[in-house]
Every structure is written in C-alpha cells, then in structure tokens.
Amino acid sequence: MPSPDPKPGPVAAPPGSGSMSPPPKPAQPPAAASPPKPAPPPKVDLKAPVDSPVLKALQAKLPQAVVEVSFHAGETTVLLKKENLLEACRFLKEDPNLRMDHLSNLCGVDFPDRPERFEVVYHLFSISLKHRINLKVRTADGEAVPSVTGVWRTANWHEREVLDLLGVSFEGHPDPRRILLTDEWQGHPLRKEYPVKGYDRDHLKLR
Amino acid sequence: MFRTEMMDINMGPQHPATHGVLRLKLLLDGETVTDTDVIIGYLHRGVEKLCETKNYHMIEPYTDRLDYVAAMYENLGYVETVEKLMGIKVPERAEYIRVITAELQRIASHLVWLGTHALDIGAMTVFFYCFREREIILDLFEAFCGARLTYNAYRIGGLPWDLPPGWTDRARHFVKIFPERQKEYDQLLTKNRIWLGRTKGIGILRAEDAIDFGVTGPCLRSAGVDYDLRKAHPYSVYDRFQFDVPVTYNCDTYDRYLIRMEEMRQSTRIVEQALDHLPAGEIMGKVPKRIKPPVGEVYHTVEGPRGELGFYIVSQGEDKPYRMRFRSPSFVNLQALPHMIRGSLVADVVAVIGTLDIVLGDVDR
C-alpha cells in the first residue's frame, strides 16, 4: 500500500514497444529505449575518488609507506606497509594540520586465501578538523603487527579483541590477554575456518 | 604489630549496580581504589561471527540485541551503513520518521540511565518518575512497530510500515507534556545536597584523556569537547533541525548528569520540528529484493545515546557480509573506567559505572 505502482521501471523497460522484434536487447539503446525510462536514477559511482587532504599529506610525507589507495562511498582507505604503520600513525596524530586524534575503530578481517591473510583496519577521525581516513595493514598468520597503543590508548582493548577473536598479535602491547573469551578458550572464532557452532558442539544438536 | 596490606575485592558479575554482567577486580588500599581490572565477556554471543552467516535483512534483529536499551539507534546505524554501502536513497518521509523515533529512543534511553543511576546512588523516586515517562515512549513504539524493546523497526531503503493513524498526535502530546515532567526530576535532583555530594567532583575524565581513550558521547562533551556526530558529520536529515549540543567543562559525574538532562530537552525540540515538517509520500526507496552490495567496505558512525556507534561492513559482492564489525560506545567508554576511579572510594565506583551509562549487551556483543 505505500507504493502505488509496484516496480514499473524494471519490468516495463525491457519489452518497451517492440513486442515482436527478435533481437530486443541489443536494439534497445538507439530505437525504443528512451521513452519508457524517463529518469534513470542517477547512478551513484561508489568508487569515485575523493579529494582527501589527509591522503595527500600522507603521500607527501611518507610516499614509500602507501601501497594502495581505494575509495568507496566517499571514504578513503589507505593500505600501508606494516613497518611504516607506527610512523604514519604518529604523523597523522601529531601533524598540526591533520590532528587525527580520535581512533574510532580498530578491527581485523580474515582473508584465508591470501598469503598475508589478516588485515587490520584503523578508522581515524579528527575531532577538531572533522576529517577522516581509514588505514589498513596486512599481516601473515603468526606475524605481529606493531601496536598503536602508544599513539592512542583506546587501541588497547581493540587490539586485545583482535588478538582474542582473530589471533593476530601486536608487538609492544602492554597487556596481551584475551578479552571477551575465557583464557582457556581454544582457537579464534572470527577466523573463517572456525565453525559457527564451535568445535565439539555436536551434543548441542537439536533432537 | 599492626600491618597493612592491599586487598583484592571482586565486584560482579552478579551485582545490581554493574548494570548487567560486568566484573571488576578492585585492588583496595583501605577504602581507596588503587587499581582495577575490568573483566568483560560474560554476555559475548559472537554476533559478528553470526552476521557472516546471515543475509543483510536477517542481521537487523541482531543489532537490536546489542544495545537493547537503545535498539532504535542500533537499527538506524545498521540500515544507514548498508544504504551507504550500496548508494541507496531513502525517501524523505522515512528519514523523518527515523529521526522522530530515534530521538524518542534517545529520551527513553536517557530516562533508563537517569532512573537507574539515581537508584544506584540512593534516590528511589526518580526511578518511578522516569519509567512513567519511558512507558509513554514505549507505547508509541509499540504502536509503530509492535515491539517494546527489540524493535527491528527500519528496513534497508526505508521503513516497513507507515505511522499508524493518530500516532503523530500522541507523539505531539508526549512532546508537550515531557518538559513539565522533566522539571520534576530537576526538582528532585539538580539542587539536592545528597545528589551534589555524591556526584560533584566524582569520576573526573579530562578532555585529553577522554579523546585518548576514544570516549565519546555525553562523557566526552562533559569535558568541554564539542563533538556530536549529528553536527560534526550530519547523517540522515539531522542538518535540517535546530538544536544545540550541550557542553560543560567540569568533567565530573554531575556535569554528565546535566548534559544528559539537556540532551533530552534538545531531543524533544528535534522531535517537535520533525513532526511539524513531516512530509507525505513514499516510505520505501527503490531497493532490490535480494540485497547484494557491490564489492567494497564502508564505515559509518551515528551518535547514539551513549556515544559514537560505528558499523563496519566488508562486502565481497555476496548477499551476506564478509565481515561485520560493531564499534560499540559502551565497550570503548568502559575502557576509561580504571582511570576514572583510581584514587576514589569504593562507593564512588558505583556512581562512575552509572555515569558511563554502559549496556553490557553492547560491551560484549
């Protein structure tokens, strides 16, 4: 009842006016396609590059650290070399023109098919200047990532959580313990090979 | 010979003042807290893992169960993140209804906070008053979406239902009576000597520490930092409303009380304006039946009642998220607790837990 015409656009568009024409699809653009689609919704280019002053400053200061830059929905994500991470974070926080003082989020993502299977993602904001950037580093299983607890204290619990749920260790972390799971827990649940039900849980099957 | 020694005291996980299953290991020197170990995870349900196995529509009810005191806000943040990921445009009417319900939710959440916080400190009457008004909001939510706690009220691209007939009049009635009711809480607490004694100068968190700990929401604004995502990075239609962001400079529990009280007044203002300008029209945008976002990742934040609510989705072009991450304000704010209670008395620990306004479902996920 909210929408009077339930999706007229996608259904009505392909047949158009030419009902008997054998090749309807390739002949669409020149002949009959324009009247039924009066206003195709402005296609949002999600991957459109954004003009980011933070990215420019980072590239100018540490050109060797930036491996890859990607954009999605107005966000800038920078893949950094692991060995340059601390340097880049300190620069972003302490530079008077950037002042990325708020580490909003830190988390890990598991890509088991890659040689460096873990990605650690840092979402940074600047409270005073109101700009943002996302950083990323990649690491292999068993290799540590430099801890950013010395730059932002909030990273402490976030890194403990990544250690707990993904098994990525952080070099220089002041308190590397599990945080959400018990100390004697086996395995790391957010790894892709970890079953959703957990190991040895067959007795929980529904009867 | 007398001798003194430090003493370990365990508080929680079953303790009425920890607002759920929070456990603290306090190291005491007499009655003074010298160190604290915060132990969490008793309510960990692995929601992030579960989300990887569910399609995008099925995740929304899970978000209700994170911060169950402000479930509307979890819904709002989640659907907006998926919309941002896919580039979906939401109709105006749906945006306005979202803002109205979300701001009512902020009032309801602050009422739960005020009632329980005052109860922890020893003022019982406030609790009954707060829940009396919260009941009106919950009735409104029940009329809108059928649920009183876990709403699942929005959909990706809009809303599942329009407002029922007469709903806006009931909402207007609430907006009209609420400022008067709020004066009653004011009279009970704001100049109450016991309240002042228990909250003034307690749980100090200065601006540089708050930012360093990632603390957001009223706890950050009580330290003089004007950071509200509704103003700093406006989302939805928040840029169209007139409201103020209260900021105070004393960094203590009493200031956080004042800020939340003022936020309720400001939320009432927003609801009033949104009701006045509520447009007619569609409530659901053009959304494919199967939600399949393109490959990419997005991080979106909204200003929940407790602070910055973040949602991070990695999509591999499938109908399920590859990785879903909830940045919950309670989890991050709780990290500042040991810093805030160092050197204070055991009785003040209860006040500081209350002023942080944590929800353990949100902490443990």
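Residues numbered from 1 in each chain as written. Chains lettered and ligands numbered in written order. Predicted model: local features only at pLDDT ≥ 70, side-chain atom pairs only at ≥ 80, totals over all residues. Heavy atoms only, no water.

Caption draft 1: Seen up close, the overall build of chain B. Summing up its helical and strand segments, chain B has 15 helices and six strands in all. Relative to the globule expectation of 21 Å for 365 residues, the C-alpha radius of gyration of chain B, 21 Å, shows essentially globular dimensions. Projecting the C-alpha coordinates of chain B onto the three principal axes gives extents of approximately 80 × 45 × 35 Å. Evaluated residue by residue, chain B yields a buried proportion of 62% over its 365 residues. In chain B, the share of contacts with a sequence separation of at least 24, taken over all contacts with a separation of at least 6, comes to 72%. (Helix = DSSP H or I, 4+ residues; strand = E, 2+ residues; numbered from the N terminus. Rg over C-alpha atoms; globule rule 2.2 N^0.38 Å. Buried < 20%, exposed > 50% of the residue type's maximum accessible area, 1.4 Å probe, protein only. Contact = heavy atoms within 4.5 Å.)

Caption draft 2: Representation of the environment of R117(A) in the model. Residue and element names in this part refer to chain A. Looking at the element boundaries, R117 is found in the loop between β3 (102-110) and β4 (118-125). Note on R117: relative accessible area 12%, which makes it buried. With residues up to four places along the chain from it excluded, the contact list for R117 reads V109, D110, F111, P112, T139, A140, D141, R191, K192 and E193. A polar atom in the side chain of R117 sits 2.9 Å from the side chain of E193. (Polar contact = N/O pair within 3.5 Å; in protein donor to acceptor, adjacent residues only side chain to side chain.)

Caption draft 3: Broad picture of helix α4 (residues 155-166) of chain A. Residue and element names in this part refer to chain A. Over its 12 residues, α4 extends 16 Å from the first C-alpha to the last, a length consistent with the 16 Å expected when each residue adds 1.5 Å. Most of α4 is tucked away, with 12 of its 12 residues classed as buried. Inspection of α4 places A155, N156, W157, H158, E159, R160, E161, V162, L163, D164, L165 and L166 among the buried residues, and these make up the whole buried set. Backbone geometry just downstream of α4 places G167 in the positive-phi region, at approximately 80 degrees. (Expected span 1.5 Å × (residues − 1).)

Caption draft 4: Layout of the interface of chain A and chain B. Contacts between the two partners involve 51 residues from chain A and, on the opposite side, 53 residues from chain B. Contact between chain A and chain B buries roughly 4,400 Å² in total, counting both sides, with carbon and sulfur atoms accounting for 55%. Viewed at the interface, chain B and chain A are joined by eight salt bridges. Its salt-bridge partner being R177(A), residue D37(B) comes within 3.2 Å of it at the nearest N-O pair. Where chain A touches chain B, the interface holds 26 residue pairs in polar contact (both at pLDDT 80 or more). Sorting elements by how many residues they give to the side of chain A that touches chain B places β3(A) first, with nine residues. Taken together, the residues that form the side of chain A that touches chain B break down as 26 nonpolar, 11 polar and 14 charged. (Buried area = accessible area lost by both parts, 1.4 Å probe. Salt bridge = Lys/Arg side-chain N within 4 Å of Asp/Glu carboxyl O. Nonpolar A, V, L, I, M, F, W, Y, C, P; charged D, E, K, R; others polar.)

Caption draft 5: Molecular detail of the side chain of H72(A). You can see H72(A) is positioned in strand β1 (residues 66-72). Residue H72(A) is classed as buried on the basis of its relative accessible area, which comes to 3%. With sequence-adjacent residues up to four places away left out, H72(A) is seen in contact with L46(A), K47(A), L85(B), P294(B), V295(B), G296(B) and E297(B).

Caption draft 6: Spatial organisation of the sheet that holds β3(A). Residues and elements named next belong to chain A. Judged by pairing direction, the sheet is mixed, and its five strands sit side by side in the order β1-β2-β5-β4-β3 without closing on themselves. A strand with exactly one partner marks an edge of an open sheet, and here the two such strands are β1 and β3. Adjacent strand axes in the sheet meet at a mean angle of 20 degrees, parallel and antiparallel pairs treated alike. In this sheet, strand β5 (residues 132-139) lies alongside β4 in antiparallel orientation, the contact comprising eight bridges. Within β5, the position partnered with F118 by the bridge is T139. Seen against the sheet, α4 touches β3 and β4 and runs at an angle of roughly 10 degrees to β3. (Pairing = 2+ DSSP bridges. Axes fitted to C-alpha atoms, helices over the stretch in contact; angles between N-to-C directions.)

Caption draft 7: Inspection of the side chain of H102(A) at higher detail. As for its placement among the helices and strands, H102(A) is situated in strand β3. Polar contacts involving the side chain of H102(A) include one to the side chain of E308(B), which spans 3.1 Å. Those residues in contact with H102(A), other than ones at most four positions away along the chain, are H123(A), L124(A), F125(A), I127(A), W152(A), G214(B), T216(B), Y227(B), E308(B) and R327(B).

Caption draft 8: Representation of the pairing of strand β2 (residues 75-80) of chain A in the model. All names here are of chain A. Of all the six residues making up β2, six are buried; the element is thus mostly covered by neighbouring parts of the structure. Burial of the side chains of β2 extends over both faces: E75, T77 and L79 are buried on one face and T76, V78 and L80 on the other. With six bridges joining them, β1 and β2 adopt antiparallel strand pairing. From the neighbouring strand, F71 faces β2, where its bridge partner is T76.

Caption draft 9: Structural view of the pattern of salt bridges. Applying the stated rule across the entire model yields 47 salt bridges over all chains. The salt bridge involving D164(A) is made with R178(A); its shortest N-O contact spans 2.6 Å. Residue D164(A) is located in helix α4, and its partner R178(A) is located in the segment after β7 (170-171); the two are separated by 14 residues in the primary sequence. A salt bridge links R93(B) to D162(B); the nearest nitrogen and oxygen atoms lie 3.0 Å apart. Of this pair, R93(B) sits in helix α4 (residues 92-121) while D162(B) sits in the loop between α5 (125-145) and α6 (167-189), and the two are 69 residues apart along the sequence. Taking relative accessible area as the criterion, R93(B) reaches 13% and is therefore assigned buried.

Caption draft 10: Structural view of the state of the cysteines. What the rule picks out here adds up to zero disulfides over all chains. With no disulfide partner, C89(A) has as its closest neighbouring cysteine sulfur the one in C107(A), 14 Å distant. For C89(A), a relative accessible area of 0% puts it in the buried group. Of all cysteine sulfurs in the structure, the one in C51(B) sits closest to C107(A), which takes part in no disulfide; the separation is 13 Å. (Disulfide = S-S within 2.5 Å.)

Caption draft 11: Up close: the pairing of β4(A). Residues and elements named next belong to chain A. Across the eight residues that make up β4, a large majority, eight, are buried. Of the two faces of β4, both are covered, the one formed by F118, V120, Y122 and L124 as well as the one formed by E119, V121, H123 and F125. Sheet topology note: the β3/β4 ladder contains eight bridges and is antiparallel. Bridge pairing in β4 places L106 opposite Y122. The antiparallel pairing of β4 with β5 creates a hairpin that spans six residues between the two strands, and K130 there sits at a positive phi of about 60 degrees.

Caption draft 12: How the structure looks around the confidence of the model for chain A. Taken over all residues, the pLDDT of chain A has a mean of 77, while the share at 70 or more is 75%. The secondary-structure element of chain A with the lowest mean pLDDT is helix α1 (residues 8-12) of chain A, recorded at 43, while β4(A) shows the highest, at 91. (pLDDT = per-residue confidence, 0-100.)

Caption draft 13: Highlighting unusual backbone geometry. All names here are of chain B. Even without glycine at this site, N152 takes up a positive phi of about 50 degrees. With respect to the secondary-structure elements, N152 resides in the loop between α5 and α6. Positive phi, normally seen in glycine, also occurs at D357, with a value near 55 degrees. Here D357 lies in the loop between α14 (346-356) and α15 (360-364).

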